[in-house]
Amino acid sequence: MNMRVVVFLMFTVLSSGVFAQGDVGTVVVKATIVDANTKEPVSAKIKYESLPYGGNIGVFRSDKFTFNMEEGKDYLIVLESDGYSPYTETVKIAEAEDGVINKVIELQPNSLNRLIRLEKLIFALGKAAISPESHEELDEISTMMEVNPTMTIQLEGHTDFRGNAKQNLKLSERRVESVKEYLVSKGIDKKRIKTKAFGGTQPLSRANDEESRTNNRRVEVRILTN
């Protein structure tokens, strides 16, 4: 085959945003990318890779993308676009319905002081230990900081408002330090991570039920610089 024809065929596949990965792909991911506020399409640099070792990798730019997931493997996707905060997500093959995962990804415009609540980082009463179930969400924060090497964050720790105020403050300090230590263990420079503890002074809810108390025990991530 003529070399010019080969190059043209490769360019056609790349620009379409569809990467063939052989017959082993059993689940198709289809996603569109939009502005979180306007819902208008946003073109982004898109990278995906299979987990845990990145055996299948694709990189392209578009406001939509499609790729096949290799059987039995989850995938990490990372999106970057000028004027928007980096986006990371682990796409799990278990999400598929009839062999397809459809997604609408909303990119947040860059805004300093934006607060990200770690929804899956749940602490047991009086504890600061991070459970293995929380690692995935924290890994997404570390990936976000890796792809944006000038970003600095502040980890803000909270407890439920019940109990001794001084003990609650110390507990929230231990919790943010646990999260900081985890991110540093993933290669993030500790100088890029500030911490602040609030104890029980800023509860999400004062309702007297277990769900509300659990939600009050939290760590949030504030973007200080992009």
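Above this text you will find the structure in question.
Everything quoted here is computed from the prediction, not taken from an experiment.

Student: Sorry if this is basic, but what is going on with the overall build of the chain here?
Tutor: A tally of helices and strands in the chain yields four helices and twelve strands. Among the 226 residues that make up the chain, the fraction classed as buried is 40%. Nonlocal contacts in the chain, meaning residues at least 24 apart in sequence, comprise 68% of its contacts between residues at least 6 apart. Summing over all exposed atoms, the chain offers an accessible surface of approximately 12500 Å²; the carbon and sulfur share of this is 53%.

Student: Mind showing me how you'd approach the packing of helix α2 (residues 135-147) against helix α3 (residues 165-185) here?
Tutor: Packed helices, taken two at a time, are described by the angle between their axes plus the distance between the axes. It is the contact of α2 with α3, at a shortest axis distance of 10 Å, that shows an interaxial angle of 60°. Of the two elements, α2 crosses α3, and the hand of that crossing is right-handed. Where α2 abuts α3, its residues His 135, Leu 138, Asp 139, Ile 141 and Ser 142 lie against Val 179, Tyr 182 and Leu 183.

Student: Looking at this structure, how should I read the sheet that holds strand β10 (residues 152-158)?
Tutor: Neighbouring strands of a sheet are bound in pairs by backbone hydrogen bonds; such pairs are parallel or else antiparallel. Taken in spatial order, the four strands of this open sheet run β9-β12-β10-β11, and their pairing is mixed. In this open sheet, the two strands that pair with only one neighbour each are β9 (115-117) and β11 (193-197). On average, each strand axis in the sheet is inclined to that of its neighbour by 25°, with strand direction left out of account.

Student: Explanation requested: the pattern of salt bridges in the structure shown.
Tutor: Two side chains that carry opposite charge are able to pair once their charged atoms sit near each other. Within this structure, the stated rule accounts for 15 salt bridges. Via salt bridges that share partners, Asp 74, Lys 92, Lys 120 and Glu 136 belong to a single interconnected network.

Student: Mind showing me how you'd approach unusual backbone geometry here?
Tutor: Both trends apply: most residues other than glycine have a negative phi, and most peptide bonds are in trans. Pro 52 follows Leu 51 through a cis peptide bond whose omega is 10°. Within the fold, Pro 52 resides in the loop between β3 (44-50) and β4 (57-62). With a phi close to 65°, Lys 39 is a non-glycine residue in the positive phi region. Using a relative accessible area of 45% as the deciding quantity, one classes Lys 39 as partly exposed. Although it is not a glycine, Asp 98 adopts a positive phi angle of roughly 55°. Positionally, Asp 98 belongs in the loop between β7 (87-91) and β8 (100-107). The class of Asp 98 is exposed, set by a relative accessible area of 83%.

Student: How should α3 be read in this particular structure?
Tutor: Side chains that are three or four residues apart share a direction in an α-helix, a result of its 3.6 residues per turn. Its 21 residues place the ends of α3 30 Å apart at the C-alpha level, agreeing with the 30 Å of an ideal helix rising 1.5 Å per residue. Those residues of α3 that fall on the buried side of the exposure criterion are Asn 168, Leu 171, Ser 172, Arg 175, Val 176, Ser 178, Val 179, Lys 180, Tyr 182 and Leu 183. Those residues of α3 that are buried are in contact with α2, β10, β11 and β12 (218-225). Where α3 begins, the side chain of Asn 164 points an oxygen toward the backbone nitrogen of Lys 166, at a separation of 3.0 Å. Positive phi appears at Gly 187, one or two residues downstream of α3, with a value of about 100°.

Student: Any chance you could explain the packing of aromatic side chains here in plain terms?
Tutor: Each aromatic ring pair is summarised here by two numbers: the centre-to-centre distance and the angle between the ring planes. For the structure on display, the rule yields six aromatic pairs. Considering the side-chain rings of Tyr 48 and Phe 60, the 6.3 Å spacing of their centres and the 70° angle between planes classify their relative orientation as edge-to-face. Of this pair, Tyr 48 sits in strand β3 while Phe 60 sits in strand β4, placing them twelve residues apart in sequence. For the pair formed by Tyr 48 and Phe 60, the shared burial category is buried. Ring plane angle 65° and centroid distance 6.1 Å describe the contact between Phe 60 and Phe 65, whose orientation is recorded as edge-to-face. Cluster of aromatic residues (ring-pair linked, three or more members): Tyr 48, Phe 60, Phe 65, Phe 67 and Tyr 75. In this structure, Arg 206 is placed above the aromatic ring of Phe 161, and the distance from its NZ or CZ to the ring centre is 4.5 Å.

Student: In this structure, what is going on with the pairing of β10? I would like to understand it.
Tutor: Residues in a regular strand point their side chains to alternate faces of the sheet. In terms of burial, β10 is largely enclosed, as six of its seven residues are buried. Pairing analysis gives seven bridges linking β10 to β12, with the strands arranged antiparallel. Looking across to β12, one finds that His 158 is bridged to Arg 218. Here five bridges tie β10 to β11, and the two strands are oriented parallel to one another. Its bridge partner being in β11, Ile 153 is matched across the sheet by Ile 193. Handedness of the crossover joining β10 and β11 through α3 is recorded here as right-handed.

The rules behind the values
Numbering of residues starts from 1 in every chain and runs along the sequence as written. The predicted nature of this model means local features are confined to residues of pLDDT at least 70 and side-chain atom pairs, given and counted, to a pLDDT of 80 or more, with totals for whole chains, interfaces and linings taken over all residues. Values shown for side chains rest on all heavy atoms present in the structure; no hydrogens or waters enter the calculation. A run of H or I in DSSP counts as a helix once it spans at least four residues, and a run of E counts as a strand once it spans at least two, with each numbered from the N terminus. Only protein chains enter the accessibility calculation, which uses a 1.4 Å probe; a residue is then buried when its area is under 20% of its type maximum, exposed when over 50%, and partly exposed in between. Contacts are assigned to residue pairs with any non-hydrogen atoms lying within 4.5 Å of each other. Under the convention used here, a 1.4 Å probe and the Shrake-Rupley method define accessible areas, while residue burial counts only the protein chains that appear. For helices, the axis comes from a line fit to the C-alpha atoms of the stretch in contact; other axes are also lines fit to C-alpha atoms, and the angle between any two N-to-C directions lies between 0 and 180 degrees. It is the rotation of the near helix from the far one that decides the hand of a crossing: anticlockwise by less than a right angle makes it left-handed, clockwise makes it right-handed. The criterion for strand pairing is that DSSP finds at least two bridges linking the strands in question. Salt bridge, as used here, is a side-chain nitrogen of Lys or Arg placed within 4 Å of a carboxyl oxygen of Asp or Glu. Helix span, as expected, comes to 1.5 Å for every residue beyond the first. Counting of polar contacts relies on pairs of N or O atoms within 3.5 Å, with two restrictions inside protein: one atom must be capable of donating a hydrogen and the other of accepting it, and residues adjacent in sequence are counted only when both atoms are side-chain atoms. Aromatic rings from Phe, Tyr and Trp, taking only the six-membered ring of Trp, are treated as a pair when their centres fall within 6.5 Å; an angle between ring planes under 30 degrees marks them as stacked, one over 60 as edge-to-face, and anything in between as tilted. Counted as over-ring charges are cases with an Arg CZ or a Lys NZ within 6 Å of the ring centre that also lie within 35 degrees of the ring normal. Here, the term right-handed applies to a crossover whose path from the first strand over the helix to the second runs clockwise when the strands point away from the viewer.

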